[in-house]
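Listed below, chain by chain, are the residues.
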Amino acid sequence: MSSYQGHRRNRIPGRGWIASIVIGMLLIFLETSPLAQTKTSSTDARVQQLYQQASNAKLQGDYASAISLYEEILKLQPKLAAAYNNLGALYVQKGEYAKATEVLTQGLKINPNMHSASALLGMALFNQNRYADARPRLEAAVRENNADVDLHMLLVDDLTKLGDFEAAAVQLQDVTRSHPDNSRMWYLLAKIYTRLGQQALSKMNSLDPNSIWVHVTSAELMEEMKNYEGAEVEYQKAIGMAPSEAGLHYKLGDMYWSLSRWDEARDQFRAELANNSRHCMAQWKLGNILKQKSQFDEALAEVDKSLAVCPDLPEARLDRGQILLKLRRADEALPYLQEGIKANPADPGLHFSLAQALRATGKTAEANAELKIYTALQDKAQADAAQHTEEVIKLREKAKQP
Amino acid sequence: MGVIDFFLKYLAAPAGQYRAKALRRCLSIAVAAQALLPALLFGQVMQKPLKFEDVTAAAGIRAEMRCGSLEKKWIPEANGSGAAWLDYDNDGLMDLLIVNGSGMDDLRVSASGRIPTPTSQGVYLFHNLGNGHFEDVTKKAGLSNPYWGTGANAVDFNNDGYTDILITNIGVDLLYKNNGNGTFTEVGRAAGLSQKFAWHTGSAFGDVDGDGNLDLYIASYIDLDSFPLDEPAPVCSFQGKPAFCGPMGIKGGHGVFYHNNGNGTYTDQTKQVGVDKVRPSHSFTAVFNDFNHDGKIDLFVSNDSDPNFLFLNQGDGTLKNSAADLGVAYNNDGRAQSNMGVAIGDYDSDGKSSVVTTAFHQDYFPIFKPDKSGMYEDVSPMSGLATESMPYLGWACGFADFDNSTGTYLWTANGHVYPTSPQYNQPFVIFRQQTRYAPIYRYPEVPNNSYRGAALGDFDNDGRMDIVIVPIVGQPVLLQNRTLAENSWVGLQLRGTVSNRDAIGSAIRLKSCGKTQFSYITNGDGYMSHNDSRVHFGLGTCTKIDDVEITWPSGKIQLIHDVPINKYVKIEESGR
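So, here's what we can say about the structure. (Residues numbered from 1 in each chain as written. Chains lettered and ligands numbered in written order. Predicted model: local features only at pLDDT ≥ 70, side-chain atom pairs only at ≥ 80, totals over all residues.)

This brings us to the pairing of strand 26 (residues 428–433) of chain B. Regular strands show a simple pattern: their side chains alternate between the two faces of the sheet. Residues and elements named next belong to chain B. The pairing of strand 25 (residues 409–414) with strand 26 spans 4 bridges and is classified as antiparallel. Within the sheet, the bridge partner assigned to Trp411 lies in strand 26 and is Ile430. Once strand 26 ends, the chain turns through 3 residues before running back antiparallel as strand 27 (residues 437–443). (Pairing = 2+ DSSP bridges. Helix = DSSP H or I, 4+ residues; strand = E, 2+ residues; numbered from the N terminus.)

Turning next to the sheet that holds strand 2 (residues 83–86) of chain B. Residues and elements named next belong to chain B. Strand order across the open sheet formed by 4 strands is 2-3-4-5, with antiparallel pairing between neighbours. Across the chains shown, the open sheet's two edge strands, defined by having one partner strand only, are strand 2 and strand 5 (134–136). Strand after strand, the sheet turns through a mean of 20 degrees between neighbouring axes, direction not considered. Relative to strand 3 (residues 95–99), strand 2 runs antiparallel, the two sharing 4 bridges. Following the sheet pairing, Leu86 is matched in strand 3 by Asp95. (Axes fitted to C-alpha atoms, helices over the stretch in contact; angles between N-to-C directions.)

Okay, the nonpolar core next. Ala83, Leu97, Phe300, Ala454 and Ile469 of chain B are the most contacted members of the largest nonpolar core, which totals 155 residues. The greatest single-element share of this core, amounting to 6 residues, is contributed by strand 11 (residues 215–222) of chain B. Phe300 of chain B has contacts with Val287, Asn289, Phe291, Asn308, Phe309, Leu310, Val328, Val342 and Val355 of chain B, leaving out every residue within four places of it along the chain. In terms of nonpolar packing, the next biggest core, distinct from the first, is built from 50 residues, Ile73, Ala124, Leu155 and Val156 of chain A among them. (Core = buried A, V, L, I, M, F, W, Y, C linked by C-beta atoms within 7 Å. Buried ≥ 20, exposed ≤ 12 C-beta atoms within 10 Å, placed from the backbone. Contact = placed C-beta atoms within 7 Å.)

What follows deals with the interface of chain B and chain A. Contacts between the two partners involve 19 residues from chain B and, on the opposite side, 23 residues from chain A. Looking at side-chain class alone, the side of chain B that touches chain A contains 7 nonpolar, 8 polar and 4 charged residues. (Nonpolar A, V, L, I, M, F, W, Y, C, P; charged D, E, K, R; others polar.)

Residue and element names in this part refer to chain B. Strand order in the open sheet made by the 4 strands is 24-25-26-27, with antiparallel pairing throughout. Lying at the two open borders of the sheet, with one neighbouring strand each, are strand 24 (394–400) and strand 27. Here the strands of the sheet are splayed against their neighbours by 25 degrees on average, with no regard to which way each runs. Relative to strand 25, strand 24 runs antiparallel, the two sharing 5 bridges. Within the sheet, the bridge partner assigned to Cys397 lies in strand 25 and is Thr412.

In structure tokens:
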């Protein structure tokens, strides 16, 4: 019978889970030990006594005494697998990983099905930088306790040390799915992705340092790090090498677009469309730029081309509504704007546009209602910004105090 | 190739006699029509190519403009300063006041409560000698400014017949009373102006309570109490490049309203009037004008990255912000913009003034135009100005009829804020609207500076509006208008008797040759600058003014006939 069977444990951050394993193990030790079920011989009685003393010592934080007591137990009952588990747990808690490894290994030889001992052994091996040895044990532990975030983290650390970033990413994706609000997980996932990116870049570089994909990947990484000048150079190198390659002009155009460098973005999107006339995002963004520049007739033509390819592209549909409004075609604009608000109810600009369209079509009461929502959203945004500024001021003042 | 060129070439080609004869007939009609066109349009379409000449050095204007370091690591170093045209000695010639900035070291001195050593470079006053030359009389006049100068304004605040000077500062504002003998005395403290160290920008004078005295509003950009000045400067990012921080994330300021007590003093009535019932904002330009056409003067304030204010005069001594209700808080997209300068003008002669504000690069300058209900709509996208203004980061702006054609041109002084931007240097631009707005003049052709304040004025009294432009660094630029002088014009110098002496708040309607034009005497518009307060009208080829109707701030309506053309005419409010 597995010494870990039937045990329920709550997730405890950090090393707390080890304590809970130990406590659980102690209980199970008591509940399932053959000692609890057979008539006690004098040896058994002595073992029970020692166990009780060890438990008390452990509870009082006297690990050294608890360890001595378990060692004594093992002298009396050298085949008692659970005792090896508990002793190993104590060594892990004390940070004596080599001893923990030795003890837990012995215990697992006696009873290979001690999952908690296996997990503890994995931890001990990890802490001795024996990452390859630790991996199967930690993977097994995670399979047993998929909800335990700390176990996932430990395995991720181990996989990262082994350089297996792909496997680490899989683990983190698992955790972020079940714990989407854990920002540390997202941070680690971002780091892993960055490492994977760097790995891929190194590989590409080793294959051909001057390939367009090396330049593109470099550009994307630089763009992520907001080194737009560097990214621009790399994108242009890639484009110079393969001006007809679909997607390249779009990437550069998209960067310009995000920086409001409209003319440069426009040129890139046009170049992309010359290579791939069905790139509906490039088409929409071209229309969006023309809308920004108040060239509404031309903007509508471009946005309509985008919708011809991707009729459900929400950004293009919304822009169509706004452009029609600017062209004084409020009746036609209304359904697009209403659709946009359903998708983005917190966008004050949309409520403003809808209010304009409603007013233009004679729906004054509805227009006023939209304006109220718009004003409330704007007021909230301003209040939030003002509050944030005040908080920064307070932090700054606090930092100045001795 | 024009139509005429085309026909000439056609005629030159071998052709049958009949065809050539018919074409010659067409050509003669076309040529005659072109000659008749101006007369057919009541003499209004005599638009000339605009021509300006930089006469700064020749005129004797020398002022080394300064606004912090060239690297612009702090936001105070970005906004520049203004200029004012004023006739301080009542000789009929416009004199020139230029306010100068300072540096961060001096700013820290004044922030600590000490007054930096005054320098003659904090402000300049140039006396117009009448022959195209100016004399620097700053010291002689007793002017100095130890603070970081921002705004220049000039009105007769005490109605004694002499134009006084207000200098707003990042520091303490200075009110210079004109002694009437070519000198000034600083009376800010005695007059009741706050002596608190503050970041003030534009100022506007207007008679809010109709008592004949000019009240005062001073805009504030940033709350200096919460703005750290210690090195190192915090670094933010603009399009991936390091840039100074702000204004977002820095607490905005609160404007101050002073009531004119009528005895040369002011009382801070910010709370009583109600202009404090708005969020702290990054305010630049304040303008008094009747924005809802109810006969009472209101206050518009342009804000940088915050919604604009429009304080409507409630008639009971209070002002209430109604910008969002009237449609001038946000642009056509419902967005708050970085609005700097303000132009007020009736550019389409419908009897109601529109409001233009300048904005950031890659954003557009909105035109808030009132409709019949009194609501304003941003018509900039439809007018073409939105597209044409996007390349510019605009500051001072205004309307003017530069060629006296009765048309209304929009001028803007431009320049980016970040020295690392390839668009840092930008030109002074004049836009004209025919079907759509288009830029028709740029100075210089190859931009070599970043401009901020500017003031429109006719310094040579030839009826052609000149302009002085204040850059962020280097010498100001005095552009003399040399556009061909074939059109007629008139300039009206209004003097209130019951109303405030500067007649701020007056509405003027002029009829000539069947065309009606409207203008208003405002104060504060532009960008931290003050224009020539005489009201200028271009008349095109019309040589007779039918009449001029003036609605004075007191409410009195005065109809004047036999107004001469091609000169400046003094008109005094009747019925005192």
